[in-house]
Structures are given as structure tokens and as C-alpha cells.
Amino acid sequence: MSELATREVDRSQMKVSDEVAIQITKMNKWYGTFHVLRDIDLTVYRGERIVIAGPSGSGKSTMIRCINRLEEHQAGSIVVDGIELSSDLKNIDKIRSEVGMCFQHFNLFPHLTILENCTLAPIWVRKIPKKQAEETAMHFLEKVKIPEQANKYPGQLSGGQQQRVAIARSLCMKPRIMLFDEPTSALDPEMIKEVLDTMVELAEEGMTMLCVTHEMGFARQVANRVIFMDAGQIVEQNEPEEFFNNPQHERTKLFLSQILGH
Amino acid sequence: MSDTHAQTVAYVRDTMLDQQDPPLNQVGAVKWIRENLFSGWLNILLTLLSLWVVYAALSHLLPWALRGIWDASNLSECRALAAERYGADASVACWAVLAERWPQLIFGFFPKELYWRPILAFLLFLAAVAPVLFSSVPRKMLWVTALAPFALFWLIWGGSIWGPIAAILGFVIGWAIMTYAAPKIGALLAVILAIIVPVLYWLFVCGPLAGALASVVPLSLQTVATQKMGGFLLATIIGVSGIVLSLPLGILLALGRQSDMFIINKFSVAFIEIIRGVPLIVWLFTASLLLNYFLPPGTNFDLMLRVIIMVTLFSAAYIAEVVRGGLAALPKGQYEAADALGLDYWKSMRLIILPQALKISIPGIVNTFIGLFKDTTLVVFIGLLDPIGLSSSIRASTDWNGVYWELFVFIGLCFFIFCFSMGRYSLFLEKKLRREHR
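Where an unreviewed UniProt entry is consulted, chain B appears under the name Amino acid ABC transporter permease, with the organism given as Alloyangia mangrovi. Under the UniProt heading Sequence similarities (unreviewed entry), the entry covering chain B gives this text: "Belongs to the binding-protein-dependent transport system permease family. HisMQ subfamily."

Named according to an unreviewed UniProt entry, chain A is ABC transporter ATP-binding protein originating from Alloyangia mangrovi. In the Sequence similarities (unreviewed entry) part of its UniProt record, chain A is described as follows: "Belongs to the ABC transporter superfamily."

A.B. asks: What is the right way to look at the pairing of strand S7 (residues 177–181) of chain A in this model?
C.D. replies: For a regular strand, side chains alternate in direction, first toward one face of the sheet and then toward the other. Residues and elements named next belong to chain A. Most of S7 sits out of view: five of its five residues are buried. Here S7 shows two buried faces, one formed by Ile177, Leu179 and Asp181 and the other by Met178 and Phe180. Summarising the sheet, strand S6 (residues 99–102) and S7 pair through four bridges and their orientation is parallel. The partner of Met101 across the bridge, within S7, is Leu179. Note: S7 against strand S8 (residues 208–212), five bridges, orientation parallel.

A.B. asks: Before we go on, may I ask you to explain the layout of surface pockets in this structure?
C.D. replies: The gaps of empty space that remain are located by a probe, the size of a water molecule, rolled over the atoms. Reported here for the second largest pocket is a volume of approximately 1800 Å³. In terms of lining residues, the second largest pocket is bounded by 41 residues, among which Leu89(A), Asp260(B), Met261(B), Asp344(B) and Tyr345(B) are the most central. Residue assignment for the lining of the second largest pocket shows that the elements contributing at least two residues are helix H2 (89–98) of chain A together with helix H9 (187–216), helix H10 (231–258), helix H11 (262–276), helix H14 (332–340) and helix H15 (345–375) of chain B. Of the residues belonging to the lining of the second largest pocket, the class tally is 22 nonpolar, six polar and 13 charged. No fewer than three residues from each of domain 2 (101–110 + 224–433) and domain 3 (161–221) of chain B sit in the lining of the second largest pocket.

A.B. asks: Please explain the state of the cysteines as it appears in this structure.
C.D. replies: What makes a disulfide is a covalent bond joining the sulfur atoms belonging to two cysteines. Residue and element names in this part refer to chain B. A complete count under the given rule lists one disulfide over all chains for this structure. Across the disulfide, Cys78 is cross-linked to Cys94 (sulfur-sulfur distance 2.1 Å). Because the sign of the S-S torsion sets the handedness, a value of about 120 degrees for the bond joining Cys78 and Cys94 places this disulfide among the right-handed ones. Of this pair, Cys78 sits in helix H4 (residues 75–86) while Cys94 sits in the loop between H4 and helix H5 (96–107), and the two are 16 residues apart along the sequence. You can call Cys78 buried: its relative accessible area is 3%.

A.B. asks: Can you help me understand the packing of H10(B) against H11(B) in this one?
C.D. replies: In helix packing, the relevant descriptors are the interaxial angle and the interaxial distance, both defined with respect to the helix axes. Residues and elements named next belong to chain B. With their axes 7 Å apart at the nearest point, H10 and H11 run at an angle of 125 degrees to one another. With respect to each other, H10 and H11 are oriented oblique. Viewed along their axes, H10 and H11 form a crossing whose handedness is left-handed. When H10 is examined against H11, the residues Leu253, Gly256 and Arg257 are found in contact with a partner set consisting of Ile264, Asn265, Ser268, Val269, Phe271, Ile272 and Glu273.

A.B. asks: Even after reading the chapter, I still don't get the UniProt feature "transmembrane region" (unreviewed entry) in chain B, so can you show me in this structure?
C.D. replies: Residues annotated by UniProt as "transmembrane region" (unreviewed entry) correspond here to residues 41–66, 114–134, 188–211, 231–255, 267–291, 303–323, 357–384 and 404–428 of chain B. Across residues 404–428 of chain B, the secondary structure splits into 96% helix and 0% strand, with the terminal C-alpha atoms separated by 36 Å.

A.B. asks: Looking at this structure, how should I read the confidence of the model for chain B?
C.D. replies: Caution is warranted with low-pLDDT regions, since their predicted coordinates should not be read in detail. Mean pLDDT over chain B: 87, with 96% of residues reaching 70 or higher. The ipTM, which scores confidence in the relative placement of chains, is 0.90 for this predicted complex, and the corresponding pTM is 0.85.

A.B. asks: Sorry if this is basic, but what is going on with the UniProt feature "domain: ABC transporter" (unreviewed entry) in chain A here?
C.D. replies: Under the feature "domain: ABC transporter" (unreviewed entry), the UniProt entry names residues 22–256 of chain A. Along residues 22–256 of chain A one finds 39% helix and 26% strand; the C-alpha atoms at either end are 27 Å apart.

A.B. asks: What is the right way to read the nonpolar core from this model?
C.D. replies: General note: in soluble globular proteins, nonpolar side chains tend to be found buried as a group. Grouped together as the largest cluster of nonpolar side chains are 138 residues, with contacts concentrated most on Ile22(A), Ile52(A), Leu210(A), Met229(B), Ile238(B) and Ile352(B). Each residue touching Ile238(B), except ones within four places of it in the same chain, is listed here: Met304(B), Val307(B), Ile308(B), Val311(B), Thr376(B), Val379(B) and Leu384(B).

A.B. asks: What is the right way to look at empty space enclosed by the protein in this model?
C.D. replies: Counted according to the given criterion, the structure contains two cavities of 30 Å³ or more. Put simply, the largest cavity is a space of about 80 Å³. Elements that contribute at least two residues to the lining of the largest cavity include exactly H2, S6 and helix H5 (159–171) of chain A together with H14 of chain B. Top contributing element to the lining of the largest cavity by residue count: S6(A), with three residues.

A.B. asks: Please explain a positive patch on the surface as it appears in this structure.
C.D. replies: A cluster of basic residues, Arg424(B), Lys431(B), Arg434(B) and Arg435(B), forms a positive patch on the protein surface. Structurally, Arg424(B) can be placed in helix H17 (residues 405–437).

A.B. asks: Quick question: what am I supposed to make of the packing of aromatic side chains here?
C.D. replies: Aromatic ring pairs are reported here in terms of the distance separating the ring centres and the angle at which the planes meet. For the coordinates displayed, the defined rule picks out 21 aromatic pairs over all chains. On the basis of an interplanar angle of 85 degrees and a centroid distance of 5.2 Å, the ring pair of Phe243(A) and Phe244(A) is categorised as edge-to-face. This pair shows no difference in class: Phe243(A) is buried, exactly as Phe244(A) is. Measuring from centroid to centroid gives 6.2 Å for Phe267(B) and Phe271(B), while their planes differ by 35 degrees, and the two rings are tilted. Of the two residues, Phe267(B) and Phe271(B) both sit in helix H11, four residues apart, roughly one turn of that helix. What links up through ring pairs into an aromatic cluster is the set Phe232(B), Phe373(B), Phe415(B) and Phe418(B). The ring of Phe109(A) carries the charged tip of Arg169(A) above its face, separated from the ring centre by 4.5 Å.

A.B. asks: I keep staring at the sheet that holds strand S4 (residues 75–80) of chain A and nothing clicks. Help me out?
C.D. replies: All names here are of chain A. Read from one edge to the other, the open sheet built from four strands follows the order S2-S1-S4-S5, with strand pairing classed as antiparallel. With partners counted over all chains shown, the strands left at the sheet margins are strand S2 (34–45) and strand S5 (83–84), one partner each. Looking at chain direction, strand S1 (residues 20–31) and S4 are connected through five bridges and run antiparallel. Note on S4: the bridge partner recorded for Asn28 is Ala75. Across the sheet, helix H1 (residues 60–67) touches S1, S2 and S4, and the angle it forms with S1 is around 120 degrees.

What counts and what doesn't
The residue numbering used here restarts from 1 in each chain and proceeds along that chain's sequence as written. In the order they appear in the text, chains get letters beginning with A and ligands get numbers beginning with 1. At least 70 in pLDDT is required for a residue's local features to be given in this predicted model, at least 80 for side-chain atom pairs to be given and counted, and no such filter applies to totals for whole chains, interfaces and linings, which use all residues. With hydrogens and water stripped out, all remaining heavy atoms of the structure feed into the side-chain values. UniProt positions are given in the numbering used here, feature names are shortened, and annotations may be inferred rather than shown by experiment. Per-residue accessibility, obtained with a 1.4 Å probe over protein chains only, is compared with the maximum for each type, and a residue is labelled buried under 20%, exposed over 50%, and partly exposed between these values. Helix numbering and strand numbering both begin at the N terminus, where a helix is a DSSP run of H or I of at least 4 residues and a strand a DSSP run of E of at least 2. When DSSP finds two or more bridges between a pair of strands, those strands are recorded as paired. Only protein atoms enter the calculation, which uses a 1 Å grid: trapped sets of points that fit a 1.4 Å probe without letting it out are cavities, open sets showing protein on both sides within 12 Å along at least five of seven lines are pockets, and any residue with an atom within 4 Å of a point is a lining residue. Grid points are joined across faces, edges and corners, and a volume is the space filled by probe spheres set on the points. Throughout this entry, Asp, Glu, Lys and Arg are counted as charged residues, while Ala, Val, Leu, Ile, Met, Phe, Trp, Tyr, Cys and Pro are counted as nonpolar. The remaining residues, Gly among them, count as polar. By convention here, the domain bounds are inherited from an automatic or database domain assignment. When two cysteine sulfur atoms are found within 2.5 Å, that pair is recorded as a disulfide. An axis is simply a line fitted to the C-alpha atoms; with a helix, the fit covers only the stretch in contact. Between two such axes, the angle follows the N-to-C directions and lies from 0 to 180 degrees. Angular relationships are summarised with four words: roughly parallel below 35 degrees, roughly antiparallel beyond 145, roughly perpendicular across 65 to 115, and oblique for the angles in between. Take the far helix as your reference; a near helix turned counterclockwise from it by less than a right angle gives a left-handed crossing, and one turned clockwise gives a right-handed crossing. By definition in these notes, contact holds between two residues if any of their heavy atoms fall within 4.5 Å. In predicted models, pLDDT denotes the confidence assigned by the predictor to each residue on a 0 to 100 scale. Put simply, a nonpolar core is a bunch of buried Ala, Val, Leu, Ile, Met, Phe, Trp, Tyr and Cys residues held in one set by side-chain atoms that sit within 4.5 Å of each other. The patches reported here contain residues having more than 30% relative accessible area and no salt bridge. Joining distances are 9 Å for like charges and 5 Å for nonpolar side chains (Val, Leu, Ile, Met, Phe, Trp, Tyr). Using the Shrake-Rupley algorithm and a 1.4 Å probe, accessible areas are obtained, with residue cover drawn only from the displayed protein chains. Just to be clear on terms, a salt bridge is a Lys or Arg side-chain nitrogen sitting within 4 Å of an Asp or Glu carboxyl oxygen. Charged residues are defined narrowly, with Lys and Arg counted positive, Asp and Glu counted negative, and His plus the chain ends left uncounted. Charge positions come from single atoms, namely NZ of Lys, CZ of Arg, CG of Asp or CD of Glu. Any pair of Phe, Tyr and Trp rings, taking the six-membered ring for Trp, is counted once the centres come within 6.5 Å. Such a pair is stacked with planes under 30 degrees apart, edge-to-face with planes over 60 apart, and tilted for the rest. In this analysis the charged atom, NZ for Lys or CZ for Arg, is taken to sit over a ring once it is within 6 Å of the ring centre and within 35 degrees of the ring normal.

Written out as C-alpha cells, the structure reads:
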């Protein structure tokens with residue numbers, strides 16, 4: 001449990017609209033015969049900041065990885081930005097270029113500089129001229145506060161810096177939705193804060209975010225909805241205040257008592 | 001107890017020490033010799049023993065090589081000169097065979113007055129690989145690289161210049177379809193057309209077109225038949241063609257073996273395992289004998305071309321496995337990050353996965369190339385005159401009947417220079433990439 005920015009989170013831009021960003025209906029997934037995700041129903045509206053929590057193995061990472069097809073679901077439907085995910089490669093690439101993703105282990109490309117990491121997809125997927133892509137990249141690198149590292153290689157940066165680059169790299173594609181898969185789990189405690197600060201700023205600008213994380217402080221301050229998953233199902237979801245102060249399901253109570261207990 | 005102790009423990013330094021040189025026997029050559037050669041009685045013994053072995057070997061080898069005879073026209077003259085100069089039972093090398101026959105070892109039976117062509121071709125080849133091997137060479141030189149294969153073919157085999165030019169035109173057609181037609185008819189159709197149209201062109205239009213152009217502007221070099229080529233010219237043509245062609249093929253096979261697509265996957269696995277599981281010499285015999293049964297009667301398919309194809313397929317199977325090792329060494333996250341950014345399969349392979357996988361595979365790839373280059377000597381068994389084959393044919397003449405060591409030393413040295421440079425280049429590249437990525 002790490003402390004967040006001591007400053008007040010600015011909620012003026014955080015507006016949830018009526019427009020549906022992601023619609024998941026009766027989604028099921030199996031690994032072989034193991035039923036990982038069971039009847040997931042979830043509607044995400046534009047501008048929402050959703051934190052997904054749960055014990056390990058509960059399927060929370062798998063669920064958000066289904067949204068950009070890093071994992072394939074076997075039943076039900078996922079509609080992202082009005083495009084239904086099917087095995088049509090064109091749709092998949094289209095959705096992937098609209099949905100940014102940050103990973104637990106950053107997954108920066110070690111053979112490219114920070115700047116090249118950020119410009120690669122805009123140049124090759126969006127076909128943006130190199131110069132313009134570099135300007136955009138520098139803009140976002142400044143936003144995550146590491147423009148001076150632009151010409152270094154990922155291996156020369158600390159974990160927190162790498163994760164901020166990974167966020168900047170996603171932002172360079174101007175995504176409408178951001179997915180975070182345990183972005184701070186592989187970081188030293190003092191680096192968690194710098195990454196969370198970046199995520200808070202992103203939320204303040206109104207980005208639609210789905211975030212698998214154990215940072216309950218972040219959930220309290222930024223999320224408008226917390227989802228608790230266990231055994232491949234959504235067990236409980238609520239506004240953060242209610243979720244933390246008045247959990248309903250037995251499993252949620254147990255989980256919260258365990259992670260908030262010390 | 002503790003009271004008395006406190007007095008001995010308390011300490012304040014009053015003068016600071018200046019830096020001093022380490023003891024003489026702890027630095028430089030003296031230290032190295034002490035540590036590595038004379039660190040104990042066993043090592044002293046081994047050192048002395050090794051010195052004696054080195055002496056024994058060199059005391060025979062050096063006089064043999066350095067006192068060698070260079071000015072003789074046949075072996076018996078050589079032996080007579082040796083006896084005259086160094087006594088009857090002196091054992092000295094007869095380098096005269098090299099002085100007289102080196103052009104043959106290098107060019108085979110290529111016409112003497114045309115030696116300038118392979119030499120020019122070799123220089124052109126060096127210019128063509130320079131921009132590929134060294135990133136400091138200007139990128140514009142890549143045009144030389146692109147056109148070099150055609151020019152090299154023309155220089156070595158000769159014939160009308162219009163043949164290679166008409167062949168280049170096929171690539172231009174393919175390129176034009178990809179660039180100008182793709183936006184109108186869609187990428188997939190454009191790719192299919194860009195393959196089919198040039199192939200049809202090469203099959204039906206290319207030959208007559210070249211013939212027509214040649215009859216208008218006859219511009220040609222004297223034709224040299226493949227049978228006339230031998231020695232290192234032959235070894236280099238086969239080796240270099242094999243190396244250049246097998247790398248892309250090997251990479252494709254490695255990707256195929258990783259593919260989720262059933263047929264592509266199984267085809268790649270079967271290809272790799274079958275090619276790898278049979279000795280190269282068997283494939284060479286297949287190339288020289290069996291293919292004649294399968295090809296339609298009357299097709300005259302150059303033996304060297306057949307050998308190049310077999311050598312390429314053979315080393316591609318090895319390259320594929322080496323590259324697969326590199327691909328497997330990459331964390332899954334790299335694939336996922338590339339996917340998550342919306343890169344399609346070929347882009348993510350080209351921009352993200354292969355640059356990293358190939359970097360890991362450099363030692364293995366170069367290893368395979370060195371093996372391939374040395375394996376070109378196997379073509380002697382199917383009647384091509386590689387350097388080893390030529391050494392036999394040199395011995396077959398009455399002048400040089402009985403010369404073994406001198407020829408083999410020369411051939412070995414030449415191969416060593418080629419292979420050692422490849423090994424050094426591999427180290428250079430590894431160091432350079434490591435420096436760039438950290």
C-alpha cells in the first residue's frame with residue numbers, strides 16, 4: 001500500500017459520459033479445460049477510471065488482456081469503440097491501435113532508444129511523418145517528465161522511468177482507452193509513486209482507464225469504480241467509498257481485510 | 001575488561017598516507033609470468049615441457065618452410081636445388097609449385113587473358129558487401145549492393161549484357177506494381193500480382209527481349225563455361241551465394257516453424273528435419289545425378305547452379321534452427337508489446353523481434369556460414385574442381401607428381417584467412433551491438 005501524491009486530485013476534467021467505450025457481454029474463456037473467465041459482463045463508459053482488484057489467479061489480468069486480444073475469448077462478445085473483436089485481423093489491429101496498454105514488466109524494446117520506442121508505432125502504424133512523430137513523442141516524454149532520457153536505451157533507465165516511458169509510448173498512439181496490467185508490481189517502493197503520479201495526471205485529463213492494480217490508495221483517489229474479481233468472475237463492483245467502507249460479499253471482505261490489515 | 005579495551009580501540013589518524021606504487025613483482029609482465037607460468041612446481045614443469053614441445057615442432061617446421069625453394073619448374077629440379085643448397089637429406093618445402101600454379105588454384109581453368117574479370121568481380125563484391133557489413137559506409141552504396149548480383153554474374157559468366165539487364169527489369173516491374181498499383185487494387189492483390197507478373201515476364205518475355213536488344217546493340221563479354229571455373233573462384237562463388245541466399249531462407253523457415261498456421265509450420269519442420277538429417281554429400285550427389293532423372297529431358301541445368309541450390313537449402317536448415325534459438329530467447333513481453341501497439345505480424349517481426357533475435361544468433365549464424373564455406377570443398381566428389389580437386393589435378397602432371405604439403409598448406413591458409421575474418425567480423429558486430437544497446 002503506497003501513499004499517493006499528497007496533493008488533491010483534480011477532478012474537474014474527470015467526466016464520465018454516456019458514450020459506451022467497451023461493452024463486454026457474457027464473455028467466457030478457457031485455458032484448455034480450465035474455465036478462467038466466467039460470464040463476464042462489463043460496460044465501460046468513456047471517461048471512466050476503473051480499478052480491478054482481486055487475488056492472484058482470479059482472472060483480472062486475463063480479462064483486460066482480452067480487451068485488446070492478447071488473449072482470445074471463446075464465448076460472448078467484446079465491443080471496443082463500436083468494433084466487435086473477432087478473429088478478423090483488421091479489426092484486431094484497429095482496436096489495438098486505439099487501445100494503449102502498459103505491462104507489469106514495461107516491455108520496452110531494448111534495441112531502440114527511448115525516442116525510437118515512442119515513435120515506432122506512430123510511424124509504422126499511423127503512417128505519421130518521422131519529424132512529427134518525434135515532436136509528439138517529445139511532448140509525451142515531457143509529460144512523463146523524462147525528456148532528457150530520449151536518446152538513451154531502456155537498459156540505462158530505472159524501473160520507474162521505464163514504466164513512464166512505456167506510458168508515454170502508449171500515449172503517442174493517441175489512444176482513447178488505456179489498459180494497465182499491474183503497472184507498479186515490478187517496481188521498488190520509491191518508484192511506485194512516480195508511476196502512480198503519471199497515472200493520476202492521465203486520469204485528470206479524462207482518459208478512460210482500466211487498471212489492474214493492488215494500489216488501493218490509487219483506487220480510492222482516482223477510480224470511479226472498483227471491481228473485485230475472484231475465480232474468474234466479477235464478484236462485486238461499487239464506487240470506491242462504498243467498496244472499501246462497506247463491502248458486501250464475504251470474499252471481498254476477506255480480501256480487503258487481508259490487504260488493508262497491515 | 002571493557003575499560004582496558006576502550007583504550008586500544010580508540011584511534012585517530014594523524015598523518016594521511018600518500019599513494020604508493022604496488023610491489024614490482026605484482027604488476028605487468030612479471031606478475032603475469034609468475035602467476036601463469038611459474039606459480040608452483042607442477043606449473044614450472046609443465047611450462048618447461050611445453051617450451052620443449054613448441055621448440056621441437058618449430059625447429060622442424062620453420063627451416064622446412066623458410067628455406068623452401070621458390071625457383072624451380074618441377075619437383076625433381078626442386079629436390080636437386082634443395083640437395084645442392086642444404087645437403088642431401090635436407091627436408092625443405094617446394095614452394096615453386098605455388099609460384100607456378102597459383103593462378104590455377106585461384107581461378108581454375110578460367111582463360112588467362114580474362115583473369116581481370118574475376119578480379120574486378122571480387123572488388124565489386126567487396127564494394128557491394130561493405131554497406132551491408134559496416135554502417136559507417138554511406139547508405140547510397142546499397143544501390144551497388146542491389147545491382148551487384150547481376151553485374152557479378154555478367155562479369156564471371158560473360159555473354160550479352162542484355163540478359164542481366166532484362167532480368168533486372170523483372171524486379172522493376174514487381175516494384176512498380178507494389179508502389180503504383182497497390183493503393184488502387186489493395187495490398188494482397190498487389191503482392192500476388194507483383195510475384196506472378198515478373199515470373200511470367202522472366203519465363204516468356206525476358207529471353208526474347210534480351211535477344212532482341214542484343215541484336216540491336218550487341219554488347220557482350222566472351223562467354224566462359226562453368227566447367228572452366230575452379231579453385232577459390234569456384235569455392236567463393238558457391239560459398240558466397242550459399243551464404244547470401246541461405247540467411248533470408250533460414251529466417252523464413254525459423255518464422256515458419258514458430259507459426260501457428262498448421263501447414264506452414266509442418267512444412268517448415270519437415271523441411272528442416274529432412275535436410276538436416278541427411279549428409280551434405282548425399283544432397284550434392286542428388287544435385288549432380290538424381291536431378292537429371294526428375295528434370296524434363298533436354299533441360300540443361302548448370303551443375304554449379306544445382307550445387308548452389310543444394311548448399312543453400314542445407315545451410316538454411318541450420319540457420320533456421322540457430323535463428324529459432326534467438327527467437328525463443330526473447331521474452332514473450334516483446335511480442336505482446338509489439339501486438340499491443342497495433343503492429344501487424346510482418347512489421348513486428350521486422351522491427352521488433354528479428355533485430356533482437358538475430359543479434360542473439362550472430363555467433364551461431366556466422367558459425368554456420370564458416371561451416372558452409374569450408375563444406376564447399378565437398379563438391380570435389382561430384383567432379384567440380386574446388387581447390388582440393390585442383391591440387392589433385394596439379395599432382396597429376398608429371399612436373400609436380402608428389403607435391404602434397406605445399407599445396408595443402410596454401411589451401412588451408414587461404415581458407416583460414418576467409419574463415420578467421422568472418423569470425424572476427426562476428427565479434428566486431430557483437431561488440432558494436434552490445435555497445436549500442438546498453
